[in-house]
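Observations on chain architecture
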Amino acid sequence: TNGKDLFLQELKAEYNSQFDLCNSLEGKSGQLITVCGIVIPLLFGFSAFLIDKIEDNHDLVISLEILLVVTLSLVAASIFFSVWALRIQFYRHAFLPNYFYNENGTINQERIDEFAGSPDDFYDQMIEEYLTSNKQNMETNDKKARKIEIAQYLFLIGLAMVPILVGILFSYPPIGT
C-alpha cells in the first residue's frame, strides 16, 4: 500500500490544484467583467463627445459611428464570454461530505461499508474517484480558460480601437473651423 498511498497523495494534490485553478479562473473572469463594466460607460461618454466634435454632414461620422459600435460590441462580447466562463461549473468531487448521510440526516451505513473494506479496496476506490474527478475537473477548467482567453482577446482588440478613434478625431479640425 505504500506505492498506492503515494499515488493517492499525488492524485489528491492534483485534485486540489484543479480547484485552486478553478478559483483563479473565476477570479480572472470576475475582474474582467468589472473592468469591462467600467470601460463601457467610458466608451459611451467618449462616443457622445466624439460625435459632438464632428459635424453631422461630415463623411467621417458614419465611419466613426461604425468603429464605436464595433468597439462597444467587442467589449460587451468580452463580458458575455466572461460570464459564460463563470457559469461553467461541471466539477466533480471525489466524494461530498453529505455522501455518508441519508436524506433525513442519519448516517448511511451502506455507503460507509463501501469504504470500510480492506485498505487495498479503499485505495483502489479512492484512486478511481480521484482519477475520474481530476479528468473531469481538468476538462472543465480548460473550457473555462478558453472562454476567458476569448474574452481577454475581445477586450484587448476593443481597447486597441480606442487610439484609432482618437487619432481619427484629432486628425480633423473641430466644428466651426
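This report concerns the structure included in the present document. (Residues numbered from 1 in each chain as written. Predicted model: local features only at pLDDT ≥ 70, side-chain atom pairs only at ≥ 80, totals over all residues. Heavy atoms only, no water.)

Digging into the packing of helix H2 (residues 60-87) against helix H4 (residues 119-170)
Two elements in contact, H2 and H4, have axes separated by 8 Å at closest approach and are oriented at 160 degrees. In terms of orientation, H2 lies roughly antiparallel with respect to H4. The interaxial crossing formed by H2 with H4 has left-handed handedness. Class assignment of the residues belonging to the contact of H2 with H4 gives a composition of 23 nonpolar, four polar and two charged. (Axes fitted to C-alpha atoms, helices over the stretch in contact; angles between N-to-C directions. Helix = DSSP H or I, 4+ residues; strand = E, 2+ residues; numbered from the N terminus. Parallel < 35°, antiparallel > 145°, perpendicular 65-115°, else oblique. Left-handed = near helix turned anticlockwise from the far one by under 90°. Nonpolar A, V, L, I, M, F, W, Y, C, P; charged D, E, K, R; others polar.)

Topic: the packing of aromatic side chains
All told, the structure shown has six aromatic pairs when counted by the stated rule. Ring centres of Tyr 15 and Phe 19 lie 5.2 Å apart, and the angle between their planes is 70 degrees; this geometry places the pair in the edge-to-face category. On the criterion of helical spacing, the pair formed by Tyr 15 and Phe 19 is a turn pair, its members being four residues apart in helix H1 (residues 2-53). The exposure class assigned to Tyr 15 is buried, which follows from its relative accessible area of 10%. Lying across the ring of Trp 84, Lys 147 places its NZ or CZ 4.4 Å from the centre. (Phe/Tyr/Trp six-rings, centres within 6.5 Å; stacked < 30°, edge-to-face > 60°. Buried < 20%, exposed > 50% of the residue type's maximum accessible area, 1.4 Å probe, protein only. Lys NZ or Arg CZ within 6 Å of the ring centre and 35° of its normal.)

Notes on the pattern of salt bridges
Enumeration over the complete set of coordinates arrives at four salt bridges. One salt bridge in this structure joins Asp 124 and Lys 4, with 2.6 Å as the shortest N-O distance. Residue Asp 124 is found in helix H4, and its partner Lys 4 is found in helix H1; the two are separated by 120 residues along the sequence. When its relative accessible area of 36% is taken as the criterion, Asp 124 is described as partly exposed. (Salt bridge = Lys/Arg side-chain N within 4 Å of Asp/Glu carboxyl O.)

So, the environment of Leu 74
Note that Leu 74 resides in helix H2. Along the primary structure Leu 74 and Met 161 are separated by 87 residues, whereas in three dimensions their C-alpha atoms are 9.9 Å apart. Residues within four places of Leu 74 in sequence aside, it is in contact with Leu 154, Ile 157, Gly 158 and Met 161. (Contact = heavy atoms within 4.5 Å.)

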